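# Overview (structure and organization)
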Amino acid sequence: MTTESDRRKELTGARFRDPAAVRALSEAIARRAPGRLLRVMHVCGTHENALCQFGLRDLLPSWIKLVAGPGCPVCVCPAADLDMAVRLGLDHGAIVTTFGDVVRVPARITLLEVKARGGDSRVVYGIDDGIRIAKENPGRQVVFFAVGFETTACTTAAALKRGVPENFSVLTSHRLVPPALEALLASEGDALDGFILPGHVTAVAGLADYRQLAERKKVPMAVAGFEPVDLLLAIKELVERIVAPGRHERPVSNAYGRAVAEGGNPTAREAMSTVFEPCDSSWRGIGVIPGSGYRVREQYAAHDAMRRFGIAPDPDIKDTHPGCRCGEVLLGHIEPEDCPLFRNGCNPDRPIGPCMVAFEGTCHARYRHGHASRVQKKER
Amino acid sequence: MDSPQLVTLGHGSGGRLTQRLIREVFVKHLSNPALESLGDAAALAPVPGRLAFSTDGFVVSPLFFPGGDIGRLAINGTVNDLAVAGAQPLYLCASFIIEEGFGLESLERIAASMADAAKLAGVSVVTGDTKVVERGHGDGLFVTSAGIGRLREEAPAGAKAVRPGDTVLVSGPIGDHGAVIGALRSGMELQGLESDCGPVAAMVSALYEAGIRPRFMRDPTRGGLATVLAELAEEASVSVRVREADLPVRDSVRSVCDLLGLDPLYLACEGRVVAVVPREQADKALNVMRGAPRGEGSRVIGEVTEPAVGPVVLETRYGGTRLYDILASEQLPRIC
Amino acid sequence: MCLAVPMRLVSVEGNEGKAELDGIARKVSLDLVPGAKVGEFVIVHAGYAIQLLDEKAAEEQLELLADALERE
């Protein structure tokens, strides 16, 4: 008999963290050597975190290069959008609420610095905390700066659809993954052998767009969850599809079936299409991608911060500091060390580009390497 | 119904109300002869040898949390700083910045909790001060504590004494305090998870009494275990290798980390010791720590190595590695 | 990109519920998973249950894994 606690352990990951299965999977992947280097891209900050947290890159053969693509919605959030949030806090006296990842990303200044300069910015766990703050401060304007991919966009949509207090509005900077993959394929062409698809984005949005894209562009993809077994299983499925494409009927494999249904979450998709309409959007480091963002529909305009406060992105705000090469790092074109600012003005204490902000941002992660040679230098 | 009694600016005036506040809240709970004399300074008995002297300020929100409160933190924070410096903590002082409108009942609860913590740690609070700031100029209550201890002759010489091959121990599960505060601040309810706030002085004494001579000790508060070890690696020009499988982290702490996107190695502990001892003393040190108060969860977690790829190299359960450096800035809940 | 964790629903009241994981509980919105019941597992992101966890699919995934590794 399965006890409640066993059942929980299974579903919440214990069996998907089994070291024996992880070992067996990594051996199975190694046996599929294609005789050339495979460049595989994931587009998910949480995948990067999991790969690092479990040390999974060390378990993969050297012929797989796992590139961390533009998968962190905070890293791809354009400086001009962040700047609008900053202005709402400083010039319009609004309480700006947002996620913890966002407040340290530099635009002209960061949202943390807004607070230091007398504005009011607050880190919240989700949009509902922003709504609570609006209810507690009826005399103030409260803005939720809504970044994130489909996974997060559906929570913004659900809140607006349900109804929010009069003094609450959202500044949206949501982004959609499929148009970005299409753009990456157009610019990277043959340089990418396959994609690891983000498990929680697909749990919401479903697989239809990806299947269509994979078949049109003949690029294999595999949906991965976030436990070590999930990730390695997806990599194995992907490698098999790259190495012997003829053996698989469908180029997209779903290795995260417990969370990802073919049609995603219909309620969530319906909420998003009710509240938002797609629009062209800019991605930091990549540029404008057609149809890759969400605009608040007319019906919900009263709670759209851009309309309420009459603000627009400042075209003079540049996405990156002169010299910063995060865009190329993000696409795996250069190594962090190739950027002139790396360790030379850009560091975790004072990040210049977005890749240095998050702990597993490519530059921040690389910053931790090379301790031995620095010690030798110091002692010489 | 009586309305709750609140601290007013008058309580900070230095006049009669201040005296009453000190007598009826602080002296009442923290009583000892030195404090009761209420002079401008406490007169203390002579202490042989060298002294250690330490201070720490406390700002925590919420002020009360499972396993402790700001007052208990203030006592244990200074007690533990002295203890890991190799000193026997003796006398403490505490200074309170109170925001106008703060509840007297809460203040009294905090004073009682400090008295209990001081008793448990074997120290006396011999002098103190209170100030009241206008409403809106403080977050309820800030506490600063300072303390004096008798420094043992064998106290650790500092990070530079650490050598490759030395063994690294930790006195119990890591991150409990940081996880509790992070969870509460994000609107979570906790069952069975408490802050580890507590004194480590008795455990450190037990180590010395057993003849163990730690080369390095630290209480991993802000920045957590990883920051303490990375600072050690930096100062001593070594690396520290930690085995994840041997690292004690509670399931509930891991769950808070999963939910908020935090790393347990960077979460604060408020009642743990990280000790580095010569390898030949490791087994004995582990036994002594396990037998000492608050040390039953002690583990050997890794060793000091020659400088390697990162300051701290965590060997994951799966045989991979993950590198840690000093925490750049406070961990915040994230979505990606 | 999206930090989300499986939690068990321990109470449901209208479109709000409480979800739990190893003794850590939090209020979650059930707007996006109408009909979710106490005892079911949901994936929680930013205070919202964004999807139900499919126990049968989890089993199938583990069986698939076992099969795949057996054939190696």
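Scroll up for the structure.
Okay, so let's go over this structure. Given the structure is predicted, the values throughout are model-derived calculations rather than measurements.

## Description of the overall build of chain B
On a plain count of helices and strands, chain B comes out with nine helices and 14 strands. The long-range share in chain B, meaning contacts at least 24 apart out of those at least 6 apart in sequence, stands at 85%.

## As for the overall build of chain A
The helix and strand tally for chain A stands at 17 helices and 11 strands. The C-alpha radius of gyration computed for chain A amounts to 22 Å, which stays within 12% of the reference 21 Å derived for 380 residues, consistent with globular compactness. Burial analysis of chain A (380 residues in total) assigns 58% to the buried set. The long-range share in chain A, meaning contacts at least 24 apart out of those at least 6 apart in sequence, stands at 74%.

## Considerations on the packing of helix H3 (residues 70–84) of chain B against helix H4 (residues 104–121) of chain B
Residues and elements named next belong to chain B. Look at H3 against H4: their axes get within 7 Å of each other, and the N-to-C directions meet at 30 degrees. Regarding the angle of H3 to H4, the classification is roughly parallel. Handedness of the H3/H4 crossing: right-handed. Here Ile70, Gly71, Arg72, Ala74, Ile75, Asn76 and Val79 of H3 lie close against H4, whose contacting residues are Ile110, Ala111, Ser113, Met114, Ala117, Ala118 and Ala121.

## Thoughts on the interface of chain B and chain A
Interfaces are often sized by the amount of accessible area the parts lose when they come together. Across the boundary between the two partners, chain B contributes 27 residues, which contact 35 residues of chain A. Grouping the amino acids of the side of chain B that touches chain A by side-chain chemistry returns 13 nonpolar, 10 polar and four charged.

## Looking at helix H9 (residues 177–188) of chain A
Residue and element names in this part refer to chain A. Here H9 spans 16 Å end to end across 12 residues, near enough to the 16 Å set by a 1.5 Å rise per residue. If you check which residues of H9 are buried, you get Val177, Pro179, Ala180, Leu181, Leu184 and Leu185. Check the buried side of H9 and you find it contacts helix H8 (150–162), strand E7 (194–198), helix H10 (199–205), helix H11 (208–217), strand E10 (276–283) and strand E11 (287–296). Just past H9, the residue glycine 189 takes up positive phi, approximately 55 degrees.

## Comments concerning the interface of chain A and chain C
Facing the 40 residues of chain A at the interface are 31 residues of chain C. Secondary structure elements with two or more residues in the side of chain A that touches chain C: helix H1 (4–11), helix H2 (19–30), helix H3 (45–53), helix H7 (127–136), H8, H10, helix H12 (228–243) and helix H13 (266–275) of chain A. Per-element tally for the side of chain A that touches chain C: the top contributor is H8 of chain A, with six residues. Its residues assigned to classes, the side of chain A that touches chain C shows 21 nonpolar, 12 polar and seven charged.

## Structural notes on the nonpolar core
The biggest cluster of nonpolar side chains holds 260 residues, and the ones touching the most others in it are Met114 and Val312 of chain B together with Val42 and Ala49 of chain C. At nine residues, the largest contribution of residues to this core is made by H12 of chain A. Looking at which domains feed residues into this core, each of domain 1 (9–151) and domain 2 (159–324) of chain B supplies at least three. Look past the residues within four positions of valine 312 of chain B in its chain and what remains in contact with it is Ala226, Leu229, Ala230, Ala233, Val240, Val242, Leu323 and Tyr324 of chain B.

The rules behind these values
- Residues numbered from 1 in each chain as written.
- Chains lettered and ligands numbered in written order.
- Predicted model: local features only at pLDDT ≥ 70, side-chain atom pairs only at ≥ 80, totals over all residues.
- Helix = DSSP H or I, 4+ residues; strand = E, 2+ residues; numbered from the N terminus.
- Contact = placed C-beta atoms within 7 Å.
- Rg over C-alpha atoms; globule rule 2.2 N^0.38 Å.
- Buried ≥ 20, exposed ≤ 12 C-beta atoms within 10 Å, placed from the backbone.
- Axes fitted to C-alpha atoms, helices over the stretch in contact; angles between N-to-C directions.
- Parallel < 35°, antiparallel > 145°, perpendicular 65-115°, else oblique.
- Left-handed = near helix turned anticlockwise from the far one by under 90°.
- Nonpolar A, V, L, I, M, F, W, Y, C, P; charged D, E, K, R; others polar.
- Expected span 1.5 Å × (residues − 1).
- Core = buried A, V, L, I, M, F, W, Y, C linked by C-beta atoms within 7 Å.
- Domains from an automatic or database assignment.

By themselves these figures say nothing about function.
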